[in-house]
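Architecture and fold: a report
This is what each chain is made of:
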Amino acid sequence: ACLVTWVQDLWPESLSATGFVKNDAVLKLVAEIVRWIYRNNDCLLVQSEAFIAPVQQMAGNTPVRYHPNPGDLSFSVAGNSDLPVELGDGFNVVFTGNLGTVQALDTVLKAAVLLREERDICFVLVGSGSRFAWLESEIVRLGLKNVQLTGRFPPSAMPAIMERASALLVSLVCSPIMSQTVPSKVQAYLAAGKPIIAALDGEGARIVDEAGAGMTCPAEDAEAPADAVRRLRNMSEERRNQMGKNAAEYYQNNFEPRKLAKRLLDLLMETKRRHG
C-alpha cells in the first residue's frame, strides 16, 4: 500500500499566522511531527504551487506534486430566482465564506468607509465566523449603510447570491504564509463567472491576474480595493462580462472537478507503480 497526503496548509506556519499558537516550543514540536509525517509518505500533494518549496524542504526525499483544490460544480450553474436575502439594485460587491481573523475584514470595512458616499455601491458579507459579532458592532459604530451582513446560508443558496453579484471580493491579511495559499473561494468565484476583486498577495492574486478575471490589489490596503470597486463600477458592462467569461473559462481549464479527479487518479497510479 502507498500513503499519499494532500497538504492544504503549511504547518506549523499556519498556526502562528492565525495567532492560535504563539508558544515557540509548541510550534517547534509541531514542525518535528509534520516533518516525520511528510518523510513517511510515498508522495505529497500540495494545493498551491507556492507550497512546493517549503513542503519539499521538510519532506526530504518524498516527492511533492502540485494538485489544486477543485471547484464546486454547483457554483458554475446559474442559481434560481429565489434569493435567501434581498440584494439592492446597485453595484453589489459580495464576499462569501468564513468571516475570520485572516480575511482582513477591517480592511473591507475601511474600503466601505471610503466608498460611503457612493450611494449605488454596497458590500454584502455572506457567511459566519469568529469576527461576525465584531463586524456587527463595527458596522453600527461606523454608521455604515453600505455594508450588509447577511449571516450564513446553505451551499445550495450560494449560486443564486453570486448570480446577483456585480463583483465578488476575496481578501486576506498581509502575511508570507497567506501569500502562498490559494483560498478555496477563488475557485468558487471563478466558477460563478463574475468579475473578482482580489485584495491579497501571492498565489491567489496570480491566478486572478492570469485568468484575466478581475482586478487585484495588495493585501490590507483599503484604498486599493475601494479604487478597484469604483473602476469596476465605472467599466462598461461588456468589459465586466468579459472578465466573468474569462473566469469561467479558467475554472473549466484548471479547476473543473472531473478533470482534476482524472489527474489525481493518474498521480496515484504513478505513485503505486513507483513503489510497487
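Going by the structure above, here's the rest.
Residues numbered from 1 in each chain as written. Predicted model: local features only at pLDDT ≥ 70, side-chain atom pairs only at ≥ 80, totals over all residues. Heavy atoms only, no water.

**Concerning the pattern of salt bridges**
- Within the structure shown, the criterion is met by twelve salt bridges.
- Note that glutamate 118 is salt-bridged to arginine 233, the shortest N-O span being 3.1 Å. Here glutamate 118, found in the loop between helix H4 (105–114) and strand S5 (121–126), pairs with arginine 233, found in helix H10 (residues 223–234); they are 115 residues apart in sequence, far enough to count as distant.
- The exposure class assigned to arginine 233 is buried, which follows from its relative accessible area of 18%.
- The partner of arginine 231 in a salt bridge is aspartate 227, with the nearest N and O atoms 3.6 Å apart. In this pair, arginine 231 and aspartate 227 both sit in helix H10, four residues apart, roughly one turn of the helix.
- Residue arginine 231 is classed as partly exposed on the basis of its relative accessible area of 46%.
- Bridged by salt links that share partners, the residues Glu118, Asp120, Arg230 and Arg233 form one connected network. (Salt bridge = Lys/Arg side-chain N within 4 Å of Asp/Glu carboxyl O. Helix = DSSP H or I, 4+ residues; strand = E, 2+ residues; numbered from the N terminus. Buried < 20%, exposed > 50% of the residue type's maximum accessible area, 1.4 Å probe, protein only.)

**Topic: the packing of aromatic side chains**
- As enumerated under the stated definition, the model contains one aromatic pair in all.
- Stacked on the ring of tryptophan 134, the Lys or Arg arginine 131 has its end atom at 3.9 Å from the ring centre. (Phe/Tyr/Trp six-rings, centres within 6.5 Å; stacked < 30°, edge-to-face > 60°. Lys NZ or Arg CZ within 6 Å of the ring centre and 35° of its normal.)

**Things to note about helix H5 (residues 132–142)**
- Listing the buried residues of H5 in full gives Leu135, Glu138 and Ile139. Projected down its long axis, H5 carries its buried residues within an arc of 100°, all on one side. Among the exposed residues of H5, those oriented more than 90 degrees off its buried face are Ala133, Val140 and Arg141.
- Among the structural elements, H4, S5 and strand S6 (147–151) are those in contact with the buried residues of H5.
- The first or second residue beyond H5 is glycine 143, which carries a positive phi of 65°. (Arc of directions from axis to C-beta. Contact = heavy atoms within 4.5 Å.)

**Overview of the sheet that holds S5**
- Taking strand neighbours across the sheet as the criterion, the six strands line up as S6-S5-S4-S7-S8-S9 in an open arrangement whose pairing is parallel. At either end of the open sheet lies a strand with only one pairing partner, and these are S6 and strand S9 (214–217). With direction set aside, neighbouring strand axes in the sheet form an average angle of 20°.
- H4 rests against strand S4 (91–96), S5, S6 and strand S7 (167–171) of the sheet, and its axis sits at about 160° to S5.
- The strands that H10 touches are S4, S5, S7, strand S8 (196–199) and S9; relative to S9, the one it contacts most, it runs at about 165°. (Pairing = 2+ DSSP bridges. Axes fitted to C-alpha atoms, helices over the stretch in contact; angles between N-to-C directions.)

**Looking at the side chain of aspartate 42**
- Assignment of secondary structure puts aspartate 42 in the loop between helix H2 (24–39) and strand S2 (43–46).
- The buried charged residue aspartate 42 lacks any salt bridge partner; its closest oppositely charged side chain belongs to arginine 274, at an N-O distance of 7.0 Å.
- In terms of polar contacts, aspartate 42 uses its side chain to reach the backbone amide nitrogen of leucine 3, at 2.7 Å.
- What aspartate 42 contacts, discounting residues up to four positions off in sequence, is Ala1, Cys2, Leu3, Thr62, Pro63, Thr271, Arg274 and His275. (Lys, Arg positive; Asp, Glu negative; His and termini not counted. Polar contact = N/O pair within 3.5 Å; in protein donor to acceptor, adjacent residues only side chain to side chain.)

**Observations concerning empty space enclosed by the protein**
- With the rule as written, the count across this model stands at two cavities of 30 Å³ or more.
- Taken as a whole, the largest cavity spans an internal volume of roughly 40 Å³.
- What lines the largest cavity is Ala104, Thr107, Val108, Ala111, Phe123, Leu169, Ser171, Ala199 and Pro225.
- For the lining of the largest cavity, the elements supplying multiple residues, two or more each, are H4 and S7.
- Counting residues per element, the lining of the largest cavity draws most heavily on H4, at three residues.
- Split by residue class, the lining of the largest cavity holds seven nonpolar, two polar and no charged.
- The volume enclosed by the second largest cavity comes to roughly 40 Å³.
- Lining the second largest cavity are Leu10, Trp11, Glu13, Val34, Tyr38, Pro54, Val55 and Met58.
- Taken together, the elements giving at least two residues each to the lining of the second largest cavity come down to H2 and helix H3 (52–59). (1 Å grid on protein atoms, 1.4 Å probe; cavity = no way out; pocket = protein on both sides within 12 Å on 5 of 7 lines; lining within 4 Å. Points joined across faces, edges and corners; volume = space filled by probe spheres on them. Nonpolar A, V, L, I, M, F, W, Y, C, P; charged D, E, K, R; others polar.)

Taken by themselves, the reported measurements are silent on function.
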